[in-house]
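Analysis of the macromolecular model
Spelled out from the first residue to the last, the chains are:
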Amino acid sequence: MFVRIVKMSFKPEKIEEFLNNFNSKKEFIRNSPGCRLLELYRDKTNPNIFFTYSYWNTEQDLENYRDSDLFKGVWAQTKVLFNDKPLAWSVDKVESLS
């Protein structure tokens, strides 16, 4: 399984707008071909920082999503709300215990 982690930091006055945008698009993102899981986290010590974790069947599935009109629209709405450069990691899930 392929995991994409994105760290985003927002202008404080833009957080509600981000959350509204995320909530209106999250089901579409989650239902993109190859997407197995989508999660949103908020930092405990800095409430301006959020992380998305998305699980994909393959790297190509993520690339297909990133080439989609859905991603382009979501990203265009989101990137103008940042107060710092976003960071992203692509990792392979090695093990999971529950």
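Remember, it's a predicted structure, so these values are computed and weren't measured experimentally.

**A short note on the overall build of the protein**
The helix and strand inventory of the protein stands at three helices and four strands. The N-to-C order of helical and strand elements in the protein reads β-α-β-β-α-α-β. Against the 2.2 N^0.38 benchmark of 13 Å for 98 residues, the protein shows a C-alpha radius of gyration of 13 Å, consistent with a compact globule. C-alpha extents for the protein along the principal axes are approximately 35 × 30 × 20 Å. Burial analysis of the protein (98 residues in total) assigns 34% to the buried set. Of all intrachain contacts in the protein linking residues separated by at least 6 positions in sequence, the fraction that spans at least 24 positions is 68%. Accessible surface computed for the protein: about 6,500 Å², of which carbon and sulfur atoms make up 49%. Side-chain charges of the protein comprise 15 positive and 14 negative groups, with the mean position of each set lying 3 Å from the other.

**Considerations on the pairing of strand β2 (residues 35–42)**
Note: β2 against strand β3 (residues 49–56), seven bridges, orientation antiparallel. Within β3, the residue paired with Tyr41 across the bridge is Phe51. Between the end of β2 and the start of β3, which pair antiparallel, lie six residues.

**Some details on the packing of aromatic side chains**
With the rule as written, the count across this model stands at 10 aromatic pairs. Taken together, a centroid distance of 5.3 Å and an interplanar angle of 45° make the contact between Phe10 and Phe82 tilted. A residue pair is termed long-range when its members are at least 10 positions apart, and Phe10 in the loop between β1 (2–9) and α1 (15–30) and Phe82 in the loop between α3 (69–79) and β4 (87–92) qualify at 72 residues. Between the aromatic rings of Tyr65 and Phe71, the centroid separation amounts to 5.3 Å while the plane-to-plane angle is 75°, which identifies the pairing as edge-to-face.

**A word on the UniProt feature "domain: ABM" (unreviewed entry) in the protein**
As annotated in UniProt, the feature "domain: ABM" (unreviewed entry) corresponds to residues 2–91 in the numbering used here. The straight-line gap between the two end C-alpha atoms of residues 2–91 is 6 Å; of that span, 39% is helix and 32% is strand.

**Points about the nonpolar core**
Counting nine residues, the largest nonpolar core consists of Val6, Met8, Phe10, Ile15, Phe18, Phe22, Phe50, Leu81 and Phe82. Counting only elements with at least two residues in this core, the list comes to β1 and α1. Broken down by element, this core gets its largest block of residues, three residues, from α1. Every residue in contact with Phe50, bar those within four places of it in the chain, is listed here: Val6, Lys7, Met8, Phe10, Ile15, Phe18, Leu19, Leu40, Tyr41 and Arg42.

Rules and cut-offs
Residues numbered from 1 in each chain as written. Predicted model: local features only at pLDDT ≥ 70, side-chain atom pairs only at ≥ 80, totals over all residues. Heavy atoms only, no water. Helix = DSSP H or I, 4+ residues; strand = E, 2+ residues; numbered from the N terminus. Rg over C-alpha atoms; globule rule 2.2 N^0.38 Å. Buried < 20%, exposed > 50% of the residue type's maximum accessible area, 1.4 Å probe, protein only. Contact = heavy atoms within 4.5 Å. Areas by Shrake-Rupley, 256 points an atom, 1.4 Å probe, with all protein chains shown as cover. Lys, Arg positive; Asp, Glu negative; His and termini not counted. Charge placed at Lys NZ, Arg CZ, Asp CG, Glu CD. Pairing = 2+ DSSP bridges. Phe/Tyr/Trp six-rings, centres within 6.5 Å; stacked < 30°, edge-to-face > 60°. UniProt positions renumbered as here; feature names shortened; annotations may be inferred. Core = buried A, V, L, I, M, F, W, Y, C linked by side-chain atoms within 4.5 Å.

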